[in-house]
Amino acid sequence: MVRNPLTPEERERGERLGRLLRDARGARSMTDVAAEAGISAETLRKIETGRAPTPAFFTVAALARVLGLSMDEVADRCTPVVV
């Protein structure tokens, strides 16, 4: 299966998600948050740095739960405002 290249908007949304998760993690270690969410620290690192800009829904949901974020908040903060 060949994936289509990401659009600039998709890459930007992934970068916003990464910043949101990194900010929400605060001083907590990447390893601790990843373990609590049931993912690898490397996966979390890739999401936070934008190298994995389109993570699976359940990965985002698990991270949101661990970090005390609602999925509405994640969607609102990662979707660009259209004017």
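Residues numbered from 1 in each chain as written. Predicted model: local features only at pLDDT ≥ 70, side-chain atom pairs only at ≥ 80, totals over all residues. Heavy atoms only, no water.

**Considerations on the nonpolar core**
Moving on, step 1. Of all hydrophobic cores here, the largest spans 19 residues; its most connected members are Leu17, Leu21, Leu44, Leu63, Leu69 and Val74.
Moving on, step 2. Residue assignment for this core shows that the elements contributing at least two residues are helix 1 (8-25), helix 2 (30-37), helix 3 (41-49), helix 4 (57-67) and helix 5 (71-78).
Moving on, step 3. When residues of this core are assigned to their parent elements, the largest contribution, six residues, is made by helix 4.
Moving on, step 4. Residues in contact with Leu63, not counting those within four places in the same chain, are Leu21, Val33, Ala37, Ile39, Leu44 and Ile47. (Core = buried A, V, L, I, M, F, W, Y, C linked by side-chain atoms within 4.5 Å. Buried < 20%, exposed > 50% of the residue type's maximum accessible area, 1.4 Å probe, protein only. Helix = DSSP H or I, 4+ residues; strand = E, 2+ residues; numbered from the N terminus. Contact = heavy atoms within 4.5 Å.)

**Concerning the environment of Ile39**
Moving on, step 1. Inspection of the secondary structure puts Ile39 in the loop between helix 2 and helix 3.
Moving on, step 2. In this structure Ile39 comes out as buried when scored by relative accessible area, which is 16%.
Moving on, step 3. Measuring from C-alpha to C-alpha, the distance between Ile39 and Leu17 comes to 16 Å, with 22 residues separating the pair along the chain.
Moving on, step 4. Residue contacts for Ile39: discarding those within four places in its chain leaves Ala34, Leu44, Thr59 and Leu63.

Geometry only, nothing functional implied.
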